[in-house]
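Topology and contacts: notes
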Amino acid sequence: MHFKPLHDRVLVRRIEAEEKTAGGIIIPDTAKEKPMEGEVVAVGPGTRDESGKLIELGVEPGQRILFGKWSGTEVRIDGEDLLIMKESDILGIIETTAELKKAA
């Protein structure tokens, strides 16, 4: 894929929700909500402040993130459904337990 977001935009791949509940009940497609979790595919260079200085984004490709239910614009690139959103639409970064242990 050769797509580079501009400014403070982020390209995100949704991570599909679980097909079953913890109790083993299978959730039909009609009852599923769109997942609010995704993986960052690409990021723009950042935005500029009032003095013209470039402010880089706080996320990078490969990170798992949470975003709002109605965030972003759905696009199809190379046959894959992705989202383009502003960095401000991202609610937070999901860190794995291995990353948390390494930081401690």
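As recorded in an unreviewed UniProt entry, the protein chain goes by Co-chaperonin GroES and comes from Erythrobacter longus. Of the comments in the UniProt record for the protein chain, the one headed Subcellular location (unreviewed entry) reads "Cytoplasm".

To continue, consider the sheet that holds strand β5 (residues 64-67). Strand order in the open sheet formed by six strands is β6-β7-β1-β2-β5-β8, and the pairing between neighbours is antiparallel. Where the open sheet ends on each side, the last strands, each with one partner, are β6 (73-77) and β8 (90-94). The average undirected angle you get between the axes of adjacent strands in this sheet is 45°.

In this sheet, strand β7 (residues 80-86) lies alongside strand β1 (residues 9-14) in antiparallel orientation, the contact comprising four bridges. Looking across to β7, one finds that Leu11 is bridged to Ile84. Pairing geometry for β1 and strand β2 (residues 37-43), over five bridges, is antiparallel. Among the inter-strand pairings, Val10 is bridged to a residue of β2, identified as Val43.

Conventions we followed
- The residue numbers shown here count from 1 along each chain, following its written sequence.
- Totals for whole chains, interfaces and linings use every residue, but because this is a predicted model, local features are given only for residues with pLDDT of at least 70 and side-chain atom pairs only at 80 or more, for both listing and counting.
- Processing note: side-chain calculations cover all non-hydrogen atoms of the structure and skip hydrogens and water entirely.
- UniProt positions are given in the numbering used here, feature names are shortened, and annotations may be inferred rather than shown by experiment.
- Strands are treated as partners if at least two bridges between them are detected by DSSP.
- Strands here mean DSSP runs of E at least two residues long; helices mean DSSP runs of H or I at least four residues long; both are numbered from the N terminus.
- In this analysis, axes come from line fits to C-alpha atoms, helices being fitted only over the stretch in contact, and the angle between any two N-to-C directions falls in the range 0 to 180 degrees.

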